[in-house]
Amino acid sequence: MTGRVPLQPEEFLKRFFGDRYEACMTPGTKLASMLADWVKRVQDQDDRILLPRLGDPTVWYALARNPRDARAFREELLAAVGPSYSDFEGVPATLDRDDPVDAAVLRFTGPHAFKLTLVAPDLKEPCRKALRRMLELHDGRPGGVSGRPRSPGVLLRDLELALQHLDRDSADALLAELRASGHLDAQNLLFLDIRLWEVFEEWGRLREVLEQETILDLHRPRRVTQALLRALYRWKLVDFERGGRTQEALACFRTEVYPRFKALLDSRTAMPAAEVAKLFMLKAAEEQDPTTREGILAGANLKATEMVYLRALADLVRAPEQPLQPAEDEAWGAYRRGDLDRTFALLASGGGGEERLTLILYCARDLNTLAAAELALHELLHLSQEQRTRLDNTPHLLRLQRDIEERYTSPSGDDSGVGSLAVPDGWLAWMQRVNAGSLSDNDAAAIAEQGASEWDPDDLARRPGDVAELAGLMQDPSGGALAQVQRALPHLQRFLLGDERPRTPFKPLLRALFTRYAFDDAQGLLTRQAASEVLAALLRLGVEPQAMTELVEELGLLFAQGVPWEQVDWALDLLETLITLAPGASAQNTRVAVLVQTSLHTWTERLRPTQILLFNQLCRECGADTAIPLPTVDEASDLDFADFLKGKTVAIYSLEEAAMARVKLALEEVTDRVRVLLFHDKVGGSPALKSAARDADVFLIVTGAAKHAATGFIEDNRPKESLTVHSRAKGSSSMMRALEQVANSASEDHPDGHIRR
């Protein structure tokens with residue numbers, strides 16, 4: 001300790017901010033607005049305080065009140081920002097008494113302080129968001145829902161939704177909460193990290209995991225293996241693709257990839273990524289395996305540009321010169337070569353010889369797919385007495401048998417009458433098992449995740465009776481099944497909407513899915529966003545007037561717990577979805593407009609002028625008399641956005657033409673000195689799009705409503721130094737927010753107002 005009387009909050013703030021204290025504390029200034037939430041925690045003497053060092057925006061101070069709080073704060077900081085964003089390793093700060101800022105911290109909190117230095121200046125805004133989200137979770141306000149700690153099942157479900165929505169801040173915060181909860185071991189946390197790094201294309205982090213090689217010895221979920229394979233391809237082989245150098249790619253695969261990473265290349269089942277197909281085609285070329293070659297080409301669902309290179313790799317495989325081995329010998333040969341896909345295909349057709357059961361159990365363990373487990377269970381249920389005796393006397397095979405049976409058997413040991421010792425072959429069978437209580441929570445979630453990748457949507461769409469029964473069970477699950485159903489919702493949504501093409505036969509299921517989101521007790525931004533996506537899919541398929549009334553009634557549940565400040569854009573985008581996709585439902589749209597207006601009034605003083613502009617515009621379109629007056633110039637807290645736009649050309653690409661048009665109108669109301677260009681090309685190549693990609697000062701690409709060909713064309717023609725903004729959210733309010741965040745970040749980097757990119 002310092003031996004001095006601790007500073008009181010206001011005196012600490014004066015010393016911490018120094019000669020900029022008045023600017024930091026004067027309402028209405030940009031600096032005060034930026035620091036308001038952080039300063040309030042000091043004034044309230046909160047147990048978690050964070051402050052950026054003025055003049056050095058890459059340094060943050062984290063302050064606690066006592067040793068116990070400091071230990072907890074340390075773990076939260078490590079999970080939220082270190083080492084992803086900073087050099088923080090959990091060590092208390094070494095404070096310099098001769099430095100006025102350090103000295104103020106020492107007098108205020110003693111040794112219970114940490115110091116975080118960002119590893120790169122461009123991480124300033126992502127770090128700020130991660131720290132803010134960490135504090136929200138600590139304060140018990142995850143996504144605007146206060147109260148009890150959330151279960152690991154809810155956290156894992158929300159993490160899945162965050163990854164599907166490309167919401168990095170929420171994903172980081174949820175991972176931090178999962179780490180702090182202590183419910184997951186280090187291996188499962190690593191698997192979640194790997195999935196996050198893949199989704200956000202942090203290939204360098206994945207390369208570090210691959211270089212350590214310990215991951216190769218772990219029994220991994222297939223989605224984790226796919227992430228590693230994608231990273232491996234980008235690390236070792238992607239450069240050869242750019243020049244079509246297939247022979248060089250094969251040479252690299254032969255010498256650098258296959259010998260070292262063979263353990264990752266035993267099966268491509270349920271891994272649809274383009275990088276996986278190319279890696280396995282190189283493996284087929286190395287082993288001169290025409291069967292695998294044809295299987296990859298037949299099953300590949302890739303972009304045209306990806307298929308060109310895949311076929312070029314396929315040309316490296318020659319036709320077989322000798323007949324294949326008999327089936328039973330070939331199955332074992334394929335297994336010893338590490339070709340699990342071929343092994344399983346031969347076993348499923350009856351191959352395997354006398355050691356068939358052994359090979360099936362090995363395949364079930366190594367493939368880790370529902371189909372392999374189903375074959376193993378079928379074989380185990382039809383053993384002869386001699387086979388049973390042999391199995392009982394072979395300990396390692398007996399362990400494999402028990403592992404499989406434990407996963408698919410009722411935890412209570414009851415025979416539920418719905419196949420309590422069988423692998424669900426689709427969502428209806430899964431739901432029946434869940435409703436009967438014959439699956440544990442973790443097994444139900446794992447099967448749902450695998451099934452979303454392995455089960456065939458077209459097969460379910462051809463069976464309307466199964467769809468109706470499944471929807472009915474989802475609408476009213478048994479008490480014990482509700483938590484398992486809620487946890488599986490992101491996987492079911494991925495299954496139903498994975499190709500962004502809602503199928504008409506799935507309308508009852510989408511309706512049930514929306515109901516489950518609306519009635520969710522742990523409702524936050526992620527579940528609300530998911531509900532909005534399901535609602536949009538339903539509206540695209542067409543909704544009858546009575547059904548529309550019921551939908552809007554359930555929509556009210558999404559607003560019942562209040563809309564936090566961070567979710568205002570979601571509310572505006574939801575209203576826009578209804579107006580765009582159901583323009584004839586004016587009475588229902590007006591009702592939703594009133595719900596949105598009620599939510600906005602909670603935050604009147606914090607609304608951005610562009611949010612008010614967009615809300616009023618939407619009200620005019622649906623005939624609702626719920627407009628909100630714009631603040632006067634003196635009341636507006638920030639005019640930097642208008643200054644940022646003046647004299648600039650802003651190009652926007654999205655397939656949501658109505659939303660783009662609203663953004664254009666709003667931008668032009670902000671300032672008449674901005675030029676806005678709109679594009680909705682389904683393919684790239686038009687001269688106008690090429691010109692805008694090259695010359696626009698700002699280009700907003702709405703990735704959630706875009707075609708890959710056009711997006712790639714824009715990025716290929718966009719100069720690296722030019723300002724490009726990506727927004728997954730398709731609504732006009734979210735699009736506008738993405739532009740404003742870039743403007744704020746740019747002006748913070750350059751307070752003189754000049755943007756240097």
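In case you missed it, the structure is sitting above this.
Below is a summary of the structure that appears in this document. (Residues numbered from 1 in each chain as written. Predicted model: local features only at pLDDT ≥ 70, side-chain atom pairs only at ≥ 80, totals over all residues. Heavy atoms only, no water.)

### Here's the deal with the packing of aromatic side chains
Now for step 1: For the structure on display, the rule yields 17 aromatic pairs.
Now for step 2: For the ring pair Phe-12 and Phe-16, a centre distance of 5.6 Å and an interplane angle of 50° mean the geometry is tilted. Taken together, the positions of Phe-12 and Phe-16, both in helix H1 (residues 9-17) and four residues apart, correspond to about one turn of that helix.
Now for step 3: For Phe-12, a relative accessible area of 0% translates into the label buried.
Now for step 4: Between Phe-679 and Phe-699, the ring centres sit 6.3 Å apart and the planes meet at 25°, which makes this aromatic pair stacked. Of this pair, Phe-679 sits in strand S5 (residues 675-679) while Phe-699 sits in strand S6 (residues 698-702), and the two are 20 residues apart along the sequence.
Now for step 5: For Phe-679, a relative accessible area of 10% corresponds to the buried category.
Now for step 6: Taking relative accessible area as the criterion, Phe-699 reaches 0% and is therefore assigned buried.
Now for step 7: One aromatic cluster in this structure is built from Phe-12, Phe-16, Phe-17, Tyr-61 and Phe-108.
Now for step 8: Above the ring of Trp-235, the side-chain terminus of Lys-236 is found at 4.4 Å from the ring centroid. (Phe/Tyr/Trp six-rings, centres within 6.5 Å; stacked < 30°, edge-to-face > 60°. Helix = DSSP H or I, 4+ residues; strand = E, 2+ residues; numbered from the N terminus. Buried < 20%, exposed > 50% of the residue type's maximum accessible area, 1.4 Å probe, protein only. Lys NZ or Arg CZ within 6 Å of the ring centre and 35° of its normal.)

### Regarding the sheet that holds strand S1 (residues 49-52)
Now for step 1: Ordered in space as S1-S2-S3, the three strands form an open sheet in which the pairing is antiparallel. Each edge of the open sheet carries a strand with a single partner, namely S1 and strand S3 (113-117). The average undirected angle you get between the axes of adjacent strands in this sheet is 20°.
Now for step 2: In this sheet, S3 lies alongside strand S2 (residues 59-63) in antiparallel orientation, the contact comprising five bridges. Opposite Val-59, over in S3, you have Thr-117 as the bridge partner.
Now for step 3: Where H1 meets the sheet, it contacts S1 and S2, and its direction lies at approximately 25° from that of S1. (Pairing = 2+ DSSP bridges. Axes fitted to C-alpha atoms, helices over the stretch in contact; angles between N-to-C directions. Contact = heavy atoms within 4.5 Å.)

### A closer look at the side chain of Arg-503
Now for step 1: Relative to the helices and strands, Arg-503 is located in the loop between helix H27 (482-497) and helix H28 (507-518).
Now for step 2: Side chain to side chain, Arg-503 and Asp-458 meet in a polar contact 3.1 Å long.
Now for step 3: Ignoring any residue separated from it by four or fewer positions in sequence, one finds Arg-503 in contact with Pro-457, Asp-458, Ala-461, Leu-496 and Leu-541. (Polar contact = N/O pair within 3.5 Å; in protein donor to acceptor, adjacent residues only side chain to side chain.)

### Describing the environment of Phe-641
Now for step 1: Mapping Phe-641 onto the fold places it in helix H34 (residues 640-645).
Now for step 2: Residues Phe-641 and Thr-671, 30 residues apart in the sequence, show an inter-C-alpha distance of 9.2 Å.

### With respect to unusual backbone geometry
Now for step 1: Phi angles above zero are rare outside glycine, and Gln-45 is one such case at about 55°.
Now for step 2: Structurally, Gln-45 can be placed in the loop between helix H3 (30-43) and S1.
Now for step 3: Within the chain, Gln-288 stands out as a residue other than glycine whose phi angle is a positive 50°.
Now for step 4: Note on placement: Gln-288 falls in the loop between helix H14 (274-287) and helix H15 (290-299).

### Description of the sheet that holds S5
Now for step 1: On the basis of which strands lie adjacent, the open sheet formed by four strands has the order S5-S4-S6-S7 and parallel pairing. Since the sheet does not close on itself, it has two edges, and those belong to S5 and strand S7 (723-727), each with one partner. Geometrically, the sheet is characterised by an average inter-axis angle of 20° between neighbouring strands, direction not taken into account.
Now for step 2: In terms of strand pairing, strand S4 (residues 649-653) meets S6 through four bridges, oriented parallel.

### Examining the pairing of S5
Now for step 1: As defined by bridge partners, S4 adjoins S5 across five bridges and the pair is classed as parallel. Within S5, the position partnered with Thr-649 by the bridge is Arg-675.

### Some words on the pattern of salt bridges
Now for step 1: The full count for this structure, using the stated rule, is 51 salt bridges.
Now for step 2: The closest approach of N and O atoms between Arg-390 and Glu-355, which form a salt bridge, is 2.9 Å. Placement of the pair is Arg-390 in helix H21 (residues 385-392) and Glu-355 in the loop between helix H18 (340-348) and helix H19 (356-367), with a sequence separation of 35 residues.
Now for step 3: The exposure class of Arg-390 is partly exposed, given its relative accessible area of 44%.
Now for step 4: With its nearest N and O atoms 2.9 Å apart, the salt bridge here joins Arg-540 to Glu-656. Note that Arg-540 is positioned in helix H29 (residues 525-541) and Glu-656 in the loop between S4 and helix H35 (657-670), a separation of 116 residues in sequence. (Salt bridge = Lys/Arg side-chain N within 4 Å of Asp/Glu carboxyl O.)

### Some details on H18
An α-helical turn contains 3.6 residues, so any two residues separated by three or four positions project in the same direction.
Now for step 1: Buried within H18 are the following residues: Leu-340, Asp-341, Arg-342, Thr-343, Leu-346 and Leu-347.
Now for step 2: Phi turns positive, to about 105°, at Gly-350, one or two residues after H18.

### With respect to the pairing of S6
Now for step 1: Counting buried residues along S6, five of its five residues qualify, which places the element largely inside the surrounding structure.
Now for step 2: The alternating pattern of S6 places Val-698, Leu-700 and Val-702 and Phe-699 and Ile-701 on opposite faces, both of which are buried.
Now for step 3: Pairing of S6 with S7, which is carried by five bridges, proceeds in the parallel orientation. Paired with Phe-699 across the bridge in S7 is Thr-724.

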